[in-house]
Amino acid sequence: MKAEVDTVLKAGDTVGGIFEVVAHNVPVGLGSHAQWDEKLDGKLAQAVMSVQAVKGVEIGAGVLAAGSLGSEVQDEIFYDQDTKKFSRSSNRAGGLEGGITNGEDVVVRGYLKPISTLRRALKTANMITKELVQAAYERSDWCVVPAGAVAAEAMVALVLADAFLQKFGGDSMTEMRRNFEGYARQIHDF
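All values reported here derive from a predicted model rather than from experimental measurement.

## Observations regarding the confidence of the model for the protein
For the protein, per-residue confidence averages 92 on the pLDDT scale, and 100% of positions sit at 70 or higher. Mean pLDDT in the protein bottoms out at strand S4 (residues 85-88), which sits at 86, and peaks at strand S7 (residues 106-112), which reaches 98.

## A few points about the environment of Asp80
Residue position: Asp80 is located in strand S3 (residues 77-80). With 28 residues separating them along the chain, Asp80 and Gln52 place their C-alpha atoms 43 Å apart. Only 2.8 Å separates the side chain of Asp80 from the backbone nitrogen of Asp82, close enough to count as a polar contact.

## Description of the sheet that holds S7
Strand order in the open sheet formed by three strands is S1-S7-S2, with antiparallel pairing between adjacent strands. One side of each edge strand has no neighbouring strand; the edge strands of this open sheet are strand S1 (17-23) and strand S2 (54-59). Across this sheet, the average inter-strand angle for adjacent strands is 20°, counted without regard to direction. Against the sheet, helix H2 (residues 40-49) contacts S1, S2 and S7, and its axis sits at roughly 150° relative to S2.

## Some details on the nonpolar core
Grouped together as the largest cluster of nonpolar side chains are 32 residues, with contacts concentrated most on Phe19, Leu40 and Leu44. Within the residue set of this core, elements represented by two or more residues are helix H1 (2-10), S1, H2, S2, S7, helix H5 (145-168) and helix H6 (173-189). Top element by residues in this core is H5. It accounts for seven residues. Ignoring sequence-local partners within four residues, the contact set of Leu40 consists of Leu30, Gly31, Ser32, Leu96, Gly99, Thr101, Val159, Leu160 and Ala163.

## Some details on the packing of aromatic side chains
Using the criterion set out here, one finds six aromatic pairs in the structure. An angle of 35° between the planes, with centres 6.0 Å apart, marks the rings of Phe86 and Phe190 as tilted. Here the residue Phe86 occupies a position in strand S4, and Phe190 occupies one in the segment after H6, the gap between them amounting to 104 residues. With respect to burial, Phe86 and Phe190 carry one shared label: exposed.

## Side note on the pattern of salt bridges
Counted according to the given criterion, the structure contains seven salt bridges. A salt bridge links Arg88 to Glu97, with the shortest nitrogen-to-oxygen separation between them at 2.9 Å. What emerges from the salt-bridge pattern is a single network uniting Glu20, Glu58 and Arg109.

## Examining the side chain of Glu58
When you line up the elements, Glu58 lands in strand S2. Polar contacts involving the side chain of Glu58 include one to the main-chain amide nitrogen of Gly62, which spans 3.3 Å. When near neighbours in sequence (up to four residues on either side) are disregarded, Glu58 contacts Val63, Leu64, Val107, Val108, Arg109 and Tyr111.

## So, the packing of H2 against H5
H5 packs onto H2 with a crossing angle of 150° between their chain directions and a minimal axis gap of 9 Å. In this view, H2 runs roughly antiparallel relative to H5, as classed from their interaxial angle. The interaxial crossing formed by H2 with H5 has right-handed handedness. Contacts from Leu40, Lys43, Leu44, Ala47 and Val48 of H2 reach H5 at Ala152, Met155, Val156, Val159, Leu160, Asp162, Ala163 and Gln166. Of the residues belonging to the contact of H2 with H5, the class tally is 10 nonpolar, one polar and two charged.

Each value, and the rule that gives it
Residues numbered from 1 in each chain as written. Predicted model: local features only at pLDDT ≥ 70, side-chain atom pairs only at ≥ 80, totals over all residues. Heavy atoms only, no water. pLDDT = per-residue confidence, 0-100. Helix = DSSP H or I, 4+ residues; strand = E, 2+ residues; numbered from the N terminus. Polar contact = N/O pair within 3.5 Å; in protein donor to acceptor, adjacent residues only side chain to side chain. Pairing = 2+ DSSP bridges. Axes fitted to C-alpha atoms, helices over the stretch in contact; angles between N-to-C directions. Contact = heavy atoms within 4.5 Å. Core = buried A, V, L, I, M, F, W, Y, C linked by side-chain atoms within 4.5 Å. Buried < 20%, exposed > 50% of the residue type's maximum accessible area, 1.4 Å probe, protein only. Phe/Tyr/Trp six-rings, centres within 6.5 Å; stacked < 30°, edge-to-face > 60°. Salt bridge = Lys/Arg side-chain N within 4 Å of Asp/Glu carboxyl O. Parallel < 35°, antiparallel > 145°, perpendicular 65-115°, else oblique. Left-handed = near helix turned anticlockwise from the far one by under 90°. Nonpolar A, V, L, I, M, F, W, Y, C, P; charged D, E, K, R; others polar.

Okay, here's the thing in structure tokens:
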């Protein structure tokens, strides 16, 4: 990646790329399946898509899954008698099913386009004379993927925090902690 970015810099061009945000230890049951605008995967996609230059968002193995058979993308569920826990054979769903977290890591990818401010001028039209001119160079980052990843990580954290507050919130941190701990016990004892 570093070599590619260095090559693009020397050419006066820009390059896009893909970043991945992974949220660990997300509780089971955040989000909703009941309404289209309450599905957590939709909220995550909207938040990551709002990051500048992001032109596509993927949850889990969404892009690969689109060209696969159902038997190749399902995350089989197992129960371990020793640990008394449910687990999955894989996490192709990216930690979300039906708009709700399933206890696996939440995995979101953003696809960034190369930004259009280049060090080497491209052709454009003068807005007043409408004549063909060279675009003015102001400044340019040649690869915004690292910065995009940081912004997306913050957006994912905000969406997950909001979902957590919706499920466990109360009038104080003490009340929210009590609500979450009671829920965690219920899940553990299931």
